[in-house]
Amino acid sequence: MKVHNTLVEGSKKIDCPPDEVALKSFFLGPQAENANWLRELLNEMFDAWFEWRRALYPTDGKAISATDKEMPEFIENRQRIKRNVHQLLRRFQNEVPSFSPRYIGHMLTEVSMPALIGHIITLLHNPNNISGESSRVGIVIEDEAINDLLKMIGYEENLGSGHFCSGGTIANIEAGLRARDRFARWLAVGTIAREHGNTSFDILKAGLMGWKTFDRLKLELDISETELHKYHLLHGNPAFIFREISTVFKEDYAGPVFLIPQNKHYSWNKCVDMLGLGEEAFKGVKTDEKGRLCLDDLRNKLEESIQHRRPPIMVVSVAGTTELGEVDPIDKVQALLDEYEQKYGIHIWHHVDAAYGGFMCSIDRSENSILSKDIVNALNAIQYANSTTIDPHKLGYVPYASGAFLCKHKREYFYRKSNAPYINFVGTAERGPQTIEGSRSAAGAVSTWLTARTIGLDGNGYGKILERTIKSRVKLEEILRDSNPHIRIFPHSTTNIITFCVAKENESIGLTNKRTLKVYDAFSPDENHDFFVSKTTLKRPEYNLLINKFTANWNAVHDTKELVLIRLVIMNPFFDTKENKIDYPLEFTNKLNEKITYYL
Ligand SMILES: *Cc1c(COP(=O)(O)O)cnc(C)c1O
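In this report, the structure presented in the accompanying data block is examined. (Residues numbered from 1 in each chain as written. Predicted model: local features only at pLDDT ≥ 70, side-chain atom pairs only at ≥ 80, totals over all residues. Heavy atoms only, no water.)

## Section: the side chain of Thr321
Defined as follows: Numbered from the N terminus, helices here are DSSP runs of H or I no shorter than four residues, and strands are runs of E no shorter than two. We call a residue buried when its accessible area falls under 20% of the maximum for its residue type, exposed when it is over 50%, and partly exposed in between, using a 1.4 Å probe and counting protein chains only. In protein, a polar contact requires one atom able to donate a hydrogen and another able to accept it; more generally it is a pair of N or O atoms within 3.5 Å, and residues adjacent in sequence count only if both atoms are side-chain atoms. A contact between two residues is defined here by any heavy atoms of the two lying within 4.5 Å.
Tracing the sequence through the fold places Thr321 in the loop between strand S6 (312-318) and helix H13 (330-344). Residue Thr321 is classed as buried on the basis of its relative accessible area of 0%. Separated by 3.3 Å, the side chain of Thr321 and the backbone nitrogen of Leu324 make a polar contact. Not counting residues within four places of it along the chain, the set of residues in contact with Thr321 comprises Met107, Asn263, Glu326 and Ile497.

Structural data, given as structure tokens:
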């Protein structure tokens, strides 16, 4: 039997299970309830920092004397600093209160105390994880934190690798770079093999030959790295190399494609843009009525690219879409790619963009999981994908900027040998040459490390917190649905995001959009601070099936290509806390209905 902590507050008696109470120690609390012991820790941190300085080179003597501190110039500067600090403190009083359970707007919420502490401790030491010369402790902690993340998503720690970066955008581009480089290397070896009379490949199969074939050919033909450069698209003049490859294969080089679901984050447009493959190389895979990647269309797009002699070098699936929090059928995508490997001998890079949903891997995925079977199957399959993006600064409750790029195989991670002459990269394990960013703070890694060690990346830690947010979403969804028939909630929410519009029966979508926008505006921070919400616009053709199926529920008239939705991201762990005087789900529903009544 569970012992419940019974709290008596006025006449209100509240039962709180011990594991829920435990979670309360991880956050400062909406009223800074944990301020005292956070302050205690902060003092200890600063004291240790001061002591570290004093103890390291004690015989060096002081640079700032007591007399210095009494000089008018010194005092004046101190006062100027103080004045400006106070001004900053005043100005930040007006910042978005993302700590509050009333903030249910974007993928932003209260950060955890361990994450905040990890961040501050790192700032005090300011290591630069570009190399071991500018970061002794930071890079080791980054290694350990990367291992924690690898383990959480199911990659093997000793086989995989990765690094922290500023966020999901950069992590996605890191993946694109590696897939492109792998393709270029395979194609280069394939071209040399063809020159030697090996006719078992055309351009498409050469560019997707797989590491086994690559290694075998490289050995058999004794091809050095330099010789490989002759046909490496990323080394020489690409215009010239395209022509050479076409001549060798007696076939036009048509260029590769990326297959990316249309529910994607816009960082993929940036990625394809930067890779220089041409925007046209970005092939959108259709979504189904739930807004998830449509498997049949992926198959069609793969067939199409093969038919057009365009090597599909990368397929992306999304775990936790930015708009709806949906999870693509990652397992089925992987199975399809495996089928293509069997059938045609082609190896396609599978990247999972789990910037938002990656931390859901910490949720219990047994029979009793709060997650539906298809989501569990999808998350379980991340371990088979070549690479994954995950953002600790989203569902990891870590401060910005903390994103991570993870690779299943070290070989595909450590892809670049380039070197900066003035930086001493110790061994190939140094990340400096492998990262898009140069100087990198260790703060994101340390914050993630401390949360992994304190909260835990499993069902008892993060898993519990995220379960709570999903339960809060379910509760709020029910209350909203019961409160007003005109609130049309997208019915397939599976994580902690709710989207809805406000529509009358038989109404045109154009009219609904206008009303939904007005309701959104009524919540805008300039108007009042009841609650903070966000909005999104689902467009055709990206969301054709979803828009058709969803709006059929109220017989909508289709007069526009987009559907505006109010979006609530329920990440705050205290959104449905029994102890508060306010019931946030109920209060939000009331406020929403007040605003809706006005516009109906
Ligand atoms: C947020 C997000 C990104 C981009 O991450 P940033 O950290 O904002 O750069 C990429 N993909 C998905 C699915 C996201 O939700």
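## Topic: the side chain of Arg440
Summarising the element assignment, Arg440 is placed in the loop between helix H15 (410-413) and helix H16 (443-454). Under the relative-accessibility criterion, Arg440 is labelled buried at 5%. Once residues within four sequence positions are removed from consideration, Arg440 is found in contact with Pro127, Asn128, Asn129, Ile130, Glu142, His163, Phe164, Arg431 and Thr435.

## Concerning the sheet that holds strand S10 (residues 487-489)
Hydrogen bonds between backbone atoms are what pair the strands of a sheet, whose relative direction is either parallel or antiparallel. For clarity, the threshold we go by: The rule for pairing is simple: two strands pair if DSSP sees at least two bridges between them. Lines fitted to C-alpha atoms define the axes here, with helix axes fitted over just the stretch in contact, and angles between the N-to-C directions of these axes take values from 0 to 180 degrees.
The sheet built from 4 strands is open, its strands ordered S10-S11-S13-S12 with antiparallel pairing. Since the sheet does not close on itself, it has two edges, and those belong to S10 and strand S12 (534-539), each with one partner. On average, each strand axis in the sheet is tilted by 40 degrees relative to the strand beside it, whichever way the strands run. The sheet contact formed by S12 and strand S13 (residues 562-569) spans 6 bridges and is antiparallel. Along S13, the bridge assignment pairs Ser534 with Arg567. The strands that helix H19 (residues 544-551) touches are S10, strand S11 (497-502), S12 and S13; relative to S13, the one it contacts most, it runs at about 85 degrees.

## Some words on the site of the ligand
The following threshold applies: Here a residue counts as near a molecule or strand whenever at least one of its heavy atoms sits within 4 Å of it. Here the open area of atoms and residues is found with the Shrake-Rupley method and a 1.4 Å probe, where only the protein chains shown may cover a residue. Polarity classes work like this: nonpolar for Ala, Val, Leu, Ile, Met, Phe, Trp, Tyr, Cys and Pro, charged for Asp, Glu, Lys and Arg, and polar for all others, with Gly in that last group.
If you check the shell around the ligand, you find 15 residues, and the closest are Gly168, Thr169, Asp353, Asp391 and Lys394. The backbone of Gly168 places a nitrogen or oxygen atom 2.8 Å from an oxygen atom of the ligand. The contact in question runs from an oxygen atom of the ligand to an N or O atom on the side chain of His393, over 2.8 Å. Its free accessible area being 380 Å², the ligand has 87% of it covered by the protein chains. Element by element, the count of residues in the shell around the ligand is highest for helix H6 (residues 168-195), at 3 residues. Its residues assigned to classes, the shell around the ligand comprises 3 nonpolar, 9 polar and 3 charged.

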